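Given next are the chains, with one letter for each unit.
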Amino acid sequence: MTAVMGTKMLRKEDPALLVGENKFIDDIHAPGELWMGMIRSTMAHAKINSIDTSEAEAMPGVVAVYTGEQLAEMGLWLAPLPCAWPVTEDIVNPPHNPVAVGEAKHVGDIVAVVLCNDRYGAADAAEKVVVDYDPLPAVGSLEAAVANTAMAHSDLETNKAFHWPLVPDPEGTEKAFAEAAHTVKAKFIQQRMIPSPMEPRGCMAIPSPAGGDITFYSATQVPHILKVMIAATTGIPESKIRVIAPSVGGGFGGKLNVDPDAILSVTLANHLGVPVRWTETRTEAAGSSHQGRGQIQHMEVAADENGKISSVRVHIDADMGAYMMLITPGVPLLGSFLYTGVYDIPNLAFTCDGHFTNLTPTDAYRGAGRPEASYAIERIMDMLAAEVGITPEEIRARNYINGGEAFENHEAASTLVFDSGHYRPAHDRALEMVKIDELRAEQARRRDAGEAKQLGIGMCSYVEICGLAPSRALGGLNYGAGGWEHATVRMLPTGKIEVVSGSTPHGQGHETAWSMIIADKMGVDPNDVEVLHSDTAKSPLGLDTYGSRSLAVGGVAIAMAADKVIEKAKLIAAHQFEAAPEDVQFEAGAFSVAGTPSKSVHIQELGFAAFAAHDLPDGMEPNLQEQVSFDPPNFAFPFGTHACVVEIDTETGGVELIDYVAVDDCGHQVNPMIVEGQLHGGIVQGVAQALFEEAVYDEDGNINNPSFMDYLVPSAMEVPSMQLDYTVTPSTSNPLGVKGAGEAGTIGSAAAVMNAVCDALSPYGVKDMDMPATPKRIWEAIHSNANNSNGGAA
Amino acid sequence: MIPAAFDYTVAESAEHAVQLLGEYGDEAKLLAGGHSLIPMMKYRLATPTQLVDVGRLSDLSYINQENGHVAIGAMTRHRDLETSAVLAEACPMLAHVASLVGGPAVRHRGTLGGTMAHADSASDLPAAVLALGGTIVAQGPNGRREIAATDFFTSYFESALAADEMIVEIKVPANTGGWNYQKFNRRAQDWAIVGVAVADGGNGVALVNMGSTPLRASETEAALASGASAADAAAMAANGTTPPEDLNADGAYRTHLAQVLTRRALEAAAG
Ligand SMILES: Cc1cc2nc3c(=O)[nH]c(=O)nc-3n(C[C@H](O)[C@H](O)[C@H](O)COP(=O)(O)OP(=O)(O)OC[C@H]3O[C@@H](n4cnc5c(N)ncnc54)[C@H](O)[C@@H]3O)c2cc1C
């Protein structure tokens, strides 16, 4: 049997998806179901004087209308919505009620809920609820929050929620900056992004007819975490809650939360004894699905005369939004360790302040903290290159960890230990693929000719932290849970293999990848492997999918459980052969005795032997089933170099990405086709931040682009066919030598694109530009510098 | 994203549709391709209680060349314009502009009558028809009348069409003179931030998204008529307009875009 791992095996998931057989939350119905219609605040910050529900209650099909105050009195839950990551002891965390009581804190905050036997009826009735607001001063931006002129929460005296420092060597920082030949300082703005999965959020809670059990269907990334959190928040015993994530159409972090709808549908279903459900509209999503990024980064580097960096000093102001969601305050911390990037920088000083605004809460969004960090260091590398007077590739080459050569277990200034890296090959390959010399020549030609269309070339060498996470490390960061993953592998009597995964897919292809791991480990056909997941009744233990952890933690647990099954099967084989276990060898699924290859038994045949248990070794328990909870000893640190080319129409400001090269290293690859898909999507999500997407708010906290007409998610039409290549540097953090690939694309791409944009505009004296680099911004930048002394193309 | 309740009737003919419009009055809306109306209903920006479906009137889907002009049935889909052999010969500009509307799904549903009636200043085909000097044929309770495109668009999403009138046909002069269409947008399938249609070697220049309606760049046209260069004429493209402001562009940027795109369109049309 030839190796399956490392091949581009077609995904097992796809036939059912392609013919529409899979059921997503909106395809699932329960008799008697009621639809929730949310009445959402139209003001960013307001006192709720009164809510008139009478007209809505009289609408056809309406069963009940509840205001926040009524729900609070009904006592359906024990605690407000949870924040599992209170990053400091003194963090300020005002209660986040599923439905606002007394005061609405952001546009989209739920103030009342309608229950109706029809979705359309629920929308009609929601329109008839009349809310009388008294507007309060609103904190409509992060800048306003930092200025502290108005308070996002009226009963607080500051918008600041916490201060979190990572300053291992303050004297070292002072010294480095004092002695530096070059220092560069920049302020970067990470605009708010709206996670936009293909499938919006939705859920349905079904109470069982007796016994008080609840089955909760949710388009979630995190059924296991939801189960614990629903229990802790509502007081319903955990053992009575079953959470099922049906087919889930993407998440990008947007579906890893404990949202108000979850608590409302579960508690109201319990209270009324009927199924209660909800599916968001895209406009609702724009105001209530947690958003990503939302940071202002103050970044400084100190370097010697050759551009060798001695220290990075960074302060971040992070926009929490109106409330702390599940891991809101922890997101910027995930980036804190990466402000030294792929470089050998002996000193780092990082501080972060979290601030409340009257905007939609923020939380994890593909990359969560790491794209922001990678952006800041990789943008400032280009600025430093300009300051020192060398090329972007040269400044990087002079600073790579271990001179760009291979290394293992490098302790960075943050005190984190990078598992393995080898940065120069990816760097060289990316520049070769993008044809850097030809591009520079063509760029020079166009500049000299004063052509309307100018070229910009950008690169980014990133490293990221994934495989979340070693539980002790999470404990050290005050996170409220661990980072292990659970797996069970069982050989069924028929010889088929059942794998139970705690890691929960929402589009990634876990069934394929896990089958491939088992196929290689156990020497079986991947089609003989069935993967059970996404249902807490089938897979009771797990910590789900986010932080590029599925393969590096969950997949590794699968491999380890398979090893344990093989070990036990070997004892049975040895018993059948009447040989010593040490003399039994295992190859391509078959056990045989060394030296007598004719005598062999396939592992799948042993499934029945273990089940029938007629002739097992003395004292052995029947059945072939093993479990593993794998807690990784360290994170995994994927890396790579991306390079891209933009063409800017200097007359219109139009910008087009015309080439994109990515050379990534995620260690050993199980299925390169899945890796490629993750990279394509990830890269486009970073391109989206660089050129297209931004949740735009006015100063009163109203969102200006709450629809896909104005919130510009790019499509395949906006990106060139990407050129991908890989290097392979196995991780030392797990026995498979794998690193995550789910977020790497996003972490590498925004900086690469913005470096290219700024490169194209450098003749106009443009040193930096806020994201997204819209045609208007580009045109204004060219225009406002049109008479600058640097000359260049007209 | 969830429309209010409405009733739905399929019209059997243009006469029937007009009759239903008369009966239902303000409450009714014609439904053609639905690609402007249904999004508006989902946002509850439009809440008609009666939809009269004219999208199935296949006898209003045609492209015929007749004495010096091309007559196009109101229910002709954008995709049919794009691929029409008649237009390729007689009025290639209209086919080309149709090919730039939205994405394939939009072009297979949206109709020429629908986009004219919707009268969105940001739409592509209305400006093209305006630049070409086309005519809108409307049917009302008292029969048909013709409205010049220059008189048709009156304000934001408003036209000279009466509440009980339906567009049945659009006529454009057969015209293969120098033409060009410039559409500036951020994503391939978006509406134009600014667009410029040049028809008939510069005799017709129309602007997209530069005011409350599709507009003729009359100063540019006049300058060209009196012999100005493309660049000089283009510099006047935005004169007399009050361009809208939105997240993509303010007035100054739109004015600049109109000038650049007009110059490019004129140069390309001449080349
Ligand atoms: C995602 C998307 C992208 C798009 N991109 C573009 C673009 O790039 N450029 C562009 O120009 N357009 C674009 N459109 C709009 C598209 O071209 C519409 O189809 C068109 O504007 C309306 O045509 P329709 O047949 O769909 O009309 P409908 O939506 O059915 O009707 C529109 C309006 O016209 C009225 N109406 C329809 N037919 C008649 C008639 N015969 N007589 C009188 N009144 C009538 C209706 O009552 C309604 O008020 C886009 C639409 C979508 C959904």
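Residues numbered from 1 in each chain as written. Chains lettered and ligands numbered in written order. Predicted model: local features only at pLDDT ≥ 70, side-chain atom pairs only at ≥ 80, totals over all residues. Heavy atoms only, no water.

So, on to the overall build of chain A. When its secondary structure is counted, chain A shows 21 helices and 28 strands. In terms of overall dimensions, chain A is globule-like: its C-alpha atoms have a radius of gyration of 28 Å, near the 28 Å expected for 794 residues. With the C-alpha coordinates of chain A rotated into their principal frame, the extents come out at 90 × 75 × 50 Å. Pairs at least 24 residues apart make up 80% of the contacts formed inside chain A by residues separated by at least 6 positions. Put simply, chain A shows about 27900 Å² of open surface, and 52% of that area lies on carbon and sulfur atoms. (Helix = DSSP H or I, 4+ residues; strand = E, 2+ residues; numbered from the N terminus. Rg over C-alpha atoms; globule rule 2.2 N^0.38 Å. Contact = heavy atoms within 4.5 Å. Areas by Shrake-Rupley, 256 points an atom, 1.4 Å probe, with all protein chains shown as cover.)

Now for the packing of aromatic side chains. All names here are of chain A. Using the criterion set out here, one finds 14 aromatic pairs over all chains in the structure. When the ring of Phe407 is compared with that of Tyr423, the centres are 5.5 Å apart and the planes differ by 80 degrees; the resulting orientation is edge-to-face. Taken together, the positions of Phe407 in strand S16 (residues 407-411) and Tyr423 in helix H13 (residues 423-434) put the pair 16 residues apart, joining distant regions of the chain. In this structure, Phe407 and Tyr423 share a single accessibility class: buried. In textbook terms, an aromatic cluster arises when at least three aromatic residues are bridged by ring pairs, as seen for Tyr343, Tyr400, Phe407, Tyr423 and Phe639. (Phe/Tyr/Trp six-rings, centres within 6.5 Å; stacked < 30°, edge-to-face > 60°. Buried < 20%, exposed > 50% of the residue type's maximum accessible area, 1.4 Å probe, protein only.)

A few words now on the sheet that holds strand S24 (residues 596-602) of chain A. Across a sheet, paired strands are connected by hydrogen bonds in the backbone, their directions being either parallel or antiparallel. All names here are of chain A. The sheet built from three strands is open, its strands ordered S22-S23-S24 with antiparallel pairing. Two strands bound the open sheet, and with one partner strand each, they are strand S22 (584-587) and S24. Averaged over all neighbouring strand pairs, the angle between strand axes comes to 35 degrees, with direction disregarded. When S22 meets strand S23 (residues 590-593), the two strands line up antiparallel, connected through four bridges. Residue pairing for S23: Val584 is matched across the bridge by Val593. Sitting on the sheet, helix H17 (residues 550-577) touches S22, S23 and S24, and the angle it makes with S23 is about 45 degrees. (Pairing = 2+ DSSP bridges. Axes fitted to C-alpha atoms, helices over the stretch in contact; angles between N-to-C directions.)

It is worth spelling out the interface of chain B and chain A at this point. Between chain B and chain A, the residue contacts involve 25 residues of the former and 35 residues of the latter. Interface area for chain B against chain A, summed over the two sides, is near 2400 Å², with a carbon-plus-sulfur share of 61%. Summed over the shared surface of chain B and chain A, the number is six salt bridges. Notably, a salt bridge pairs Glu651 of chain A with Arg263 of chain B, separated by 3.1 Å at the nearest N-O pair. Remark: the boundary between chain B and chain A carries 14 residue pairs in polar contact (both at pLDDT 80 or more). With eight residues, helix H12 (residues 251-270) of chain B is the largest single contributor of residues to the side of chain B that touches chain A. (Buried area = accessible area lost by both parts, 1.4 Å probe. Salt bridge = Lys/Arg side-chain N within 4 Å of Asp/Glu carboxyl O. Polar contact = N/O pair within 3.5 Å; in protein donor to acceptor, adjacent residues only side chain to side chain.)

A word on the site of the ligand. Residues and elements named next belong to chain B. The ligand sits among 29 residues. The nearest are Leu30, Gly34, Leu37, Thr111 and Asp124. Residue Trp191 places a side-chain N or O atom 3.4 Å away from a nitrogen atom belonging to the ligand. Protein coverage of the free-state accessible area of the ligand, which is 970 Å², stands at 90%. Every element with two or more residues in the shell around the ligand is listed here: strand S2 (28-31), helix H7 (112-118) and strand S10 (166-173). No other element matches the four residues that H7 contributes to the shell around the ligand. Broken down by class, the residue content of the shell around the ligand amounts to 12 nonpolar, 13 polar and four charged. (Near = heavy atom within 4 Å. Nonpolar A, V, L, I, M, F, W, Y, C, P; charged D, E, K, R; others polar.)

This part is about a nonpolar patch on the surface. A surface patch of nonpolar side chains, amounting to about 280 Å² of accessible area, comprises Met1, Tyr43 and Leu45 of chain B. If you trace the backbone, Tyr43 of chain B turns up in the loop between helix H2 (37-42) and strand S3 (50-53). (Patch = residues over 30% accessible without salt bridge, like charges linked within 9 Å, V, L, I, M, F, W, Y side chains within 5 Å.)

All names here are of chain A. Reading across the sheet, the four strands line up as S21-S20-S19-S25 and stay open at both edges, with mixed pairing between neighbours. Edge positions in the sheet fall to strand S21 (529-532) and strand S25 (624-630), since each of these pairs with one other strand and no more. Adjacent strand axes in the sheet meet at a mean angle of 15 degrees when their direction is disregarded. In terms of strand pairing, strand S19 (residues 485-491) meets S25 through seven bridges, oriented antiparallel.

Honestly, it's all geometry; don't read function into it.
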